[in-house]
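What follows is the residue order along each chain.
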Amino acid sequence: MAQTEKLITPAYIFDFLKRKRHRILFTAIISFCVLFLICLLALLLLPSDRVFSQKIRIQLNSTNNGGTITYPSGKTFNQLDIISPAVLKQVYTDQNLASVIPFDKFQNLFSVVSYSRKLALLDADFDQKLAKRNLSVVDLNRLEASYNKQLAALDKSTYRINMEPSIHLTNEKSVQILAAIPQTWMTLYRQMEGDKLPQTDFDTNFEKKLRNELQTSRLIALDRATYYNDQLLKLCGTLQPLLGNRNISLASGEYLSDLVESLQCIRKYQLDLLRQMILTSSNLRSDLDLYFIKSQIQYLEQELTSRRAQYDSIGKSLSIVQAPSRSAAAAKADGGPQQISLDSTVFTQIADLVRSDASNETRRKLADLNVTIGQDIARLQARLQYYQQMLGDLERSRNTPGNVELFNQEFVKMVNNLIATSAKISSFKQLLTKDYLSNLEFYSPTSQVSLLKARLVSPLKLIVFTFGIWVLFNLLLIAIDFARDFYTGRDDNSPQEA
């Protein structure tokens with residue numbers, strides 16, 4: 001019987017798949033199970049990066065449309081402040097980690113990164129645009145300018161604090177440490193970088209100094225007490241803006257205005273009275289009084305001479321930079337229209353505008369300084385007149401004896417009142433400071449501490465790769481089986497040709 005030539009036809013292929021379907025399906029199932037186990041084992045055995053993370057939102061003031069974040073003191077915020085050595089050292093001490101892990105290794109576990117989902121999208125879009133061919137220099141500059149503009153508009157107030165796991169620390173301890181870091185940063189930095197609370201030169205040991213000076217010169221002791229009283233009034237003046245519209249009082253029920261009134265009464269009814277007693281009573285004065293008053297007058301005259309020289313110098317500088325005629329810069333300051341002729345002098349006109357703007361800024365600074373020095377001159381003149389009047393009263397006074405015992409009694413009362421008022425002002429300052437710091441929030445958490453795992457090989461990529469191998473492996477087995485069937489003939493179960 002003649003053997004017919006076999007051809008690969010669709011009918012033959014379908015016949016082959018029909019006859020081998022059980023074997024193909026069995027092989028596919030077995031190979032899928034094996035590769036699935038291998039993929040699962042690879043996911044378990046392949047190394048991965050593990051990190052504890054917490055997201056926080058900074059609540060500090062921002063300038064330049066959110067571009068720069070600053071502390072209440074004006075210092076620029078740096079994200080590394082959150083994990084500064086001072087903060088980590090405090091956390092290290094509070095968590096009692098000295099016997100668990102060295103501090104050098106501990107501080108290397110942390111990092112802070114700016115977190116923004118829109119930033120990743122912006123970077124991907126920018127990279128996609130840069131991948132285009134035939135980009136000119138103008139196109140690159142335009143793309144970069146657009147990228148920088150969008151980057152500046154992004155929210156930069158959200159940050160993520162990361163902590164690498166350590167074999168020395170349990171997961172629960174790592175969560176506690178990471179949660180304590182932003183709170184510790186706020187506690188430390190709101191004391192260092194909060195609004196600079198007013199201070200005073202008030203000497204807590206001034207009572208002893210006044211009593212010692214009283215033995216030498218009553219007038220000098222009284223002048224020092226007046227200086228302390230003025231310092232307390234100045235302190236109350238600086239506390240008033242921090243108080244705002246809040247009604248904060250001491251436990252005794254006294255408000256800040258009550259303390260100011262107490263100081264004014266001490267000045268009016270005690271200090272001025274004691275000074276007049278000294279000026280009109282010869283036995284209450286000492287040989288140092290005249291020298292003291294004249295030395296104060298000489299000092300104030302020297303200060304006045306210096307300030308007036310500065311005032312005149314600034315006035316001359318103002319007259320130099322003052323524009324002689326109405327310019328474009330003046331029109332701009334007045335809200336008037338600016339016109340530039342587009343002719344050959346256009347660059348000269350632009351240069352004049354730039355110089356005019358610089359002159360305006362210089363004039364503004366000089367005018368502010370002129371006002372400040374003028375206020376200093378007025379203050380010095382008032383003090384000079386005070387001592388000159390005191391000198392005149394001293395020279396015109398008669399040799400009338402005074403009551404030394406009465407003076408000493410009134411002086412002790414004045415000192416006691418001044419001490420009591422000073423203690424109340426200090427308590428009020430502490431109360432205001434505590435209230436200010438308790439209401440000063442630097443951040444708010446936006447998520448709980450979580451453990452993030454970042455594998456070196458993406459699970460999705462590994463699954464796609466494994467599926468591709470499984471498909472290729474089964475196609476290869478089918479091709480081998482098909483070739484064997486084609487060249488060797490059908491197996492024993494297939495019908496034989498006659």
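So, a few notes on the structure that sits alongside this text.

Cut-offs applied
- Residues numbered from 1 in each chain as written.
- Predicted model: local features only at pLDDT ≥ 70, side-chain atom pairs only at ≥ 80, totals over all residues.
- Heavy atoms only, no water.
- Helix = DSSP H or I, 4+ residues; strand = E, 2+ residues; numbered from the N terminus.
- Buried < 20%, exposed > 50% of the residue type's maximum accessible area, 1.4 Å probe, protein only.
- Contact = heavy atoms within 4.5 Å.
- Areas by Shrake-Rupley, 256 points an atom, 1.4 Å probe, with all protein chains shown as cover.
- Axes fitted to C-alpha atoms, helices over the stretch in contact; angles between N-to-C directions.
- Parallel < 35°, antiparallel > 145°, perpendicular 65-115°, else oblique.
- Left-handed = near helix turned anticlockwise from the far one by under 90°.
- Nonpolar A, V, L, I, M, F, W, Y, C, P; charged D, E, K, R; others polar.
- Phe/Tyr/Trp six-rings, centres within 6.5 Å; stacked < 30°, edge-to-face > 60°.
- Core = buried A, V, L, I, M, F, W, Y, C linked by side-chain atoms within 4.5 Å.
- Expected span 1.5 Å × (residues − 1).
- Patch = residues over 30% accessible without salt bridge, like charges linked within 9 Å, V, L, I, M, F, W, Y side chains within 5 Å.
- Salt bridge = Lys/Arg side-chain N within 4 Å of Asp/Glu carboxyl O.
- Pairing = 2+ DSSP bridges.

Turning to the overall build of the protein, a few remarks are in order. Scanning the protein from terminus to terminus reveals 15 helices and seven strands. Here the protein holds 498 residues, and 31% of them are scored as buried. Counted over contacts in the protein with a minimum sequence separation of 6, partners at least 24 positions apart contribute 84%. Approximately 32000 Å² of the protein is accessible, and the part contributed by carbon and sulfur atoms is 56%.

Okay, the packing of helix H3 (residues 85–94) against helix H7 (residues 171–192) next. Where H3 contacts H7, the axes come no closer than 9 Å and their chain directions differ by 125 degrees. The angle between H3 and H7 places the two elements in the oblique class. In terms of crossing hand, the pair formed by H3 and H7 is right-handed. Residues Ala 86, Val 87, Leu 88, Gln 90 and Val 91 of H3 touch H7, and the partners they reach there are Ile 177, Ala 180, Ile 181, Thr 184, Trp 185, Leu 188 and Tyr 189. Here the residues of the contact of H3 with H7 are counted per class, giving ten nonpolar, two polar and no charged.

For the structure shown, the criterion picks out 15 aromatic pairs. Where Phe 32 meets Trp 470, the ring centres are 5.8 Å apart and the plane angle is 75 degrees; that geometry is what we call edge-to-face. Within this pair, whereas Phe 32 is found in helix H2 (residues 21–45), its partner Trp 470 is found in helix H15 (residues 459–488), the two being separated by 438 residues in sequence. Under the relative-accessibility criterion, Phe 32 is labelled partly exposed at 45%. Measuring from ring centre to ring centre gives 6.4 Å for Phe 103 and Phe 106, while their planes differ by 35 degrees; the resulting arrangement is tilted.

Turning our attention to the nonpolar core. Counting 49 residues, the largest nonpolar core has Ile 293, Phe 407, Phe 411, Met 414, Leu 418 and Phe 428 as the members making the most contacts within it. For this core, the elements supplying multiple residues, two or more each, are helix H8 (206–216), helix H9 (218–243), helix H10 (256–280), helix H11 (287–321), helix H13 (346–396) and helix H14 (404–438). Broken down by element, the residue count for this core peaks at ten residues, all from H9. Beyond its immediate sequence surroundings of up to four residues, Ile 293 is in contact with Leu 219, Tyr 387, Met 390, Leu 391 and Leu 394. Ile 101, Leu 109, Ile 161 and Trp 185 belong to the second largest nonpolar core, which has 36 residues in total.

This next bit is on H2. In this model H2 runs 36 Å from its N-terminal to its C-terminal C-alpha over 25 residues, within 8% of the 36 Å that 1.5 Å per residue would give. Taken residue by residue, H2 has Ala 28, Ser 31, Leu 35, Cys 39 and Leu 43 as its buried positions.

Let us now look at a nonpolar patch on the surface. Residues Phe 32, Phe 36, Leu 37, Leu 40, Leu 41, Leu 44 and Leu 45 make up a contiguous nonpolar surface patch of roughly 760 Å² in combined accessible area. Inspection of the secondary structure assignment puts Leu 41 in helix H2.

Within the secondary structure, Asn 416 is located in helix H14. Residues Asn 416 and Glu 207, 209 residues apart in the sequence, show an inter-C-alpha distance of 8.6 Å.

Right, let's get into the pairing of strand E5 (residues 158–163). In terms of burial, E5 is largely enclosed, as five of its six residues are buried. Judged from the five bridges that link them, strand E4 (residues 110–114) and E5 form a sheet pairing that is antiparallel. Its bridge partner being in E5, Phe 110 is matched across the sheet by Met 163.

Counting across every chain of the model gives twelve salt bridges. In this structure, Asp 272 engages Arg 267 in a salt bridge whose closest nitrogen and oxygen atoms are separated by 3.4 Å. Judged by relative accessible area, which is 24%, Arg 267 ranks as partly exposed. As a salt-bridge pair, Arg 307 and Glu 303 come within 3.5 Å of each other at their nearest N and O atoms. Note that Arg 307 and Glu 303 are positioned in helix H11 at a spacing of four residues, about one turn of the helix. The class of Glu 303 is partly exposed, set by a relative accessible area of 22%.

Before going further, it helps to spend a moment on the environment of Phe 292. Relative to the assigned elements, Phe 292 resides in helix H11. Given the relative accessible area of 15%, Phe 292 is considered buried. Linking Phe 292 and Ser 217, residues 75 residues apart in sequence, is a C-alpha distance of 9.6 Å. Those residues in contact with Phe 292, other than ones at most four positions away along the chain, are Ile 220, Asp 223 and Tyr 387.

Describing two packed helices takes the angle between their axes plus the distance from one axis to the other. Across the interface, H10 lies against H14 with an axial gap of 10 Å and an inter-helix angle of 160 degrees. Looking at the two axes, H10 sits roughly antiparallel to H14. The element H10 and its partner H14 pack so that their crossing is left-handed. Across the interface between the two elements, Leu 256, Leu 259, Ser 262, Leu 263, Ile 266, Gln 270, Leu 271, Leu 274, Met 277 and Ile 278 from H10 touch Leu 406, Phe 407, Glu 410, Phe 411, Lys 413, Met 414, Asn 417, Leu 418, Thr 421, Lys 424, Ile 425 and Phe 428 from H14. The residue makeup of the contact of H10 with H14, split by class, is 15 nonpolar, four polar and three charged.

Phi is positive for Asn 96, which is not a glycine, with a value near 55 degrees. Mapped onto the secondary structure, Asn 96 falls in the loop between H3 and helix H4 (103–107). Classification of Asn 96 as exposed rests on a relative accessible area of 59%.

Purely spatial values, then, with no claim about function.
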